[in-house]
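Chain residues, written in single-letter form:
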Amino acid sequence: MNAELNTLASAIEAIGRADFYERICSYLRECMPYDNVIAITYQGSSLPVVHHRCARGPNVFRHLETTYLTGAYVLDPIYQYHLRRERSGIFRLLDVAPDQFKRSHYYEWYYGLIGITDEISVVQTVGDDTTITISMGKDRSSAQMFSSLDERRLRRHEAVIMTLLKAHWASGADPLSRQPRGLTVTDGLIAAMRDRHSLTLSRRQAEVALLILQGHSSVSIGLNLSISPQTVKVYRKQLYHKCNLSSQAELFALTMPILQQISMLPTGKQRSSVTRAG
């Protein structure tokens, strides 16, 4: 208890300072032991800003700059949750992920690559288009998952954690450049497929492609786009036929370089357009 209160006092003291995220992550570890942690702010569709990361075992963040920040984040469930502007809270990864996320090629590829086996995230929306996130993970160093007791212990501190994050944001210590709305990821995918592969995708085909890659089933895609699952299957079949694909892995291999290109466009040239309906 003393260590918990001491780290909380240290986090309070650091509000408005450069070491705030390091201090609050230390406090969170007293609330719920983790193997790794990363604090990221998302603003609109801008590139994510990483404030702090720490891995106590294997370096699960070794591909952060070369893979996640160069485009993979577009498929990340936490990033998509940020875009939907849903409620703040503490969530397990699968609480906010699409229904077939763990069967998606992105999950197998990226989470298999980095070695994270479980993840719980603090998600605090601030302002009109900004989300502060702190994701705590388990990895191969402990070979464990977060228990229900771990999660309950963390949730007892939820009000304090959220207040700390809001107070730090209100201090103005994390100014992020606002980017004007520009080309959507969907539009960028359509344009790149035309320019790089001489393939003409309809908007619906491109939207379905992005939702497939995020880990949505046909039913979930239909709910997102307000169309029937049967219609989704028609678009999927058209997409695969037009691109000469036979699997999600091939779709991923075709589109990932494009998503990386889109994410590196100059300020204001891209944003996401695939959001939950209604």
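Computed from a prediction, not measured in an experiment: that's the story for all the values here.

Peer 1: Which residues make up helix α4 (residues 77-84), and what values go with them?
Peer 2: At 3.6 residues per turn, the α-helix brings residues three or four places apart onto the same side. Of all eight residues in α4, eight are buried, a share of seventy percent or more. Remark: R85 follows α4 within two positions and exhibits a positive phi of approximately 55°.

Peer 1: Could you give an account of the pattern of salt bridges, naming the residues involved and the relevant values?
Peer 2: In the structure shown here, the tally under the stated rule is 11 salt bridges. Where R92 meets E151, a salt bridge forms, and the shortest distance between an N and an O atom there is 2.9 Å. With R92 in strand β3 (residues 89-92) and E151 in helix α7 (residues 148-155), the pair connects residues that are 59 residues apart, well separated along the chain. With a closest N to O distance of 2.9 Å, E151 and R155 form a salt bridge. Within this pair, E151 and its partner R155 are both found in helix α7, separated by four residues, close to a single helical turn. When salt bridges with common partners are traced through the structure, they connect E13, R17, D19 and R23 into a single cluster.

Peer 1: How would you explain the sheet that holds β3 if you had to name every residue and give the values?
Peer 2: Whether parallel or antiparallel, the strands of a sheet pair through hydrogen bonds between backbone atoms. Spatial strand order, β2-β1-β5-β4-β3: five strands in an open sheet with antiparallel pairing. Since the sheet does not close on itself, it has two edges, and those belong to β2 (49-55) and β3, each with one partner. For this sheet, the mean inter-axis angle between neighbouring strands, taken without regard to orientation, is 15°. As defined by bridge partners, strand β1 (residues 36-43) adjoins β2 across six bridges and the pair is classed as antiparallel. When the bridges of β2 are listed, N36 appears paired with A55.

Peer 1: Can you lay out unusual backbone geometry for me, pointing to particular residues and giving the numbers?
Peer 2: One non-glycine residue, A143, adopts positive backbone phi at about 55°. Along the chain, the position of A143 falls in the loop between β5 (130-139) and α7. On the basis of relative accessibility, which here comes to 68%, the residue A143 falls in the exposed class. One non-glycine residue with positive phi stands out, namely N244, at about 55°. With respect to the helices and strands, N244 occurs in the loop between α12 (229-242) and α13 (248-263).

Peer 1: Tell me what's going on with the packing of aromatic side chains, and back it up with residues and numbers.
Peer 2: Tallied over the entire structure, the rule returns 15 aromatic pairs. Ring pairs connect the aromatic residues Y42, Y68, Y73, Y79, F101, Y106, Y107, W109, Y110, Y111 and F252, which therefore count as one cluster. Here the basic side chain of R29 rests over the ring of Y34, its NZ or CZ set 5.6 Å away from the ring centre.

Peer 1: Quick rundown of the packing of helix α2 (residues 20-31) against helix α8 (residues 158-170)? Include the residues and the values.
Peer 2: Between α2 and α8, whose axes approach to 12 Å, the crossing angle comes to 180°. With respect to their mutual orientation, α2 and α8 come out roughly antiparallel. For the pair formed by α2 and α8, the contact residues are F20, Y21, I24, Y27 and L28 on the first element and V160, I161, L164, L165 and H168 on the second. Among the residues forming the contact of α2 with α8, the class breakdown is nine nonpolar, one polar and no charged.

Calculation notes
Residues numbered from 1 in each chain as written. Predicted model: local features only at pLDDT ≥ 70, side-chain atom pairs only at ≥ 80, totals over all residues. Heavy atoms only, no water. Buried < 20%, exposed > 50% of the residue type's maximum accessible area, 1.4 Å probe, protein only. Helix = DSSP H or I, 4+ residues; strand = E, 2+ residues; numbered from the N terminus. Salt bridge = Lys/Arg side-chain N within 4 Å of Asp/Glu carboxyl O. Pairing = 2+ DSSP bridges. Axes fitted to C-alpha atoms, helices over the stretch in contact; angles between N-to-C directions. Phe/Tyr/Trp six-rings, centres within 6.5 Å; stacked < 30°, edge-to-face > 60°. Lys NZ or Arg CZ within 6 Å of the ring centre and 35° of its normal. Parallel < 35°, antiparallel > 145°, perpendicular 65-115°, else oblique. Contact = heavy atoms within 4.5 Å. Nonpolar A, V, L, I, M, F, W, Y, C, P; charged D, E, K, R; others polar.

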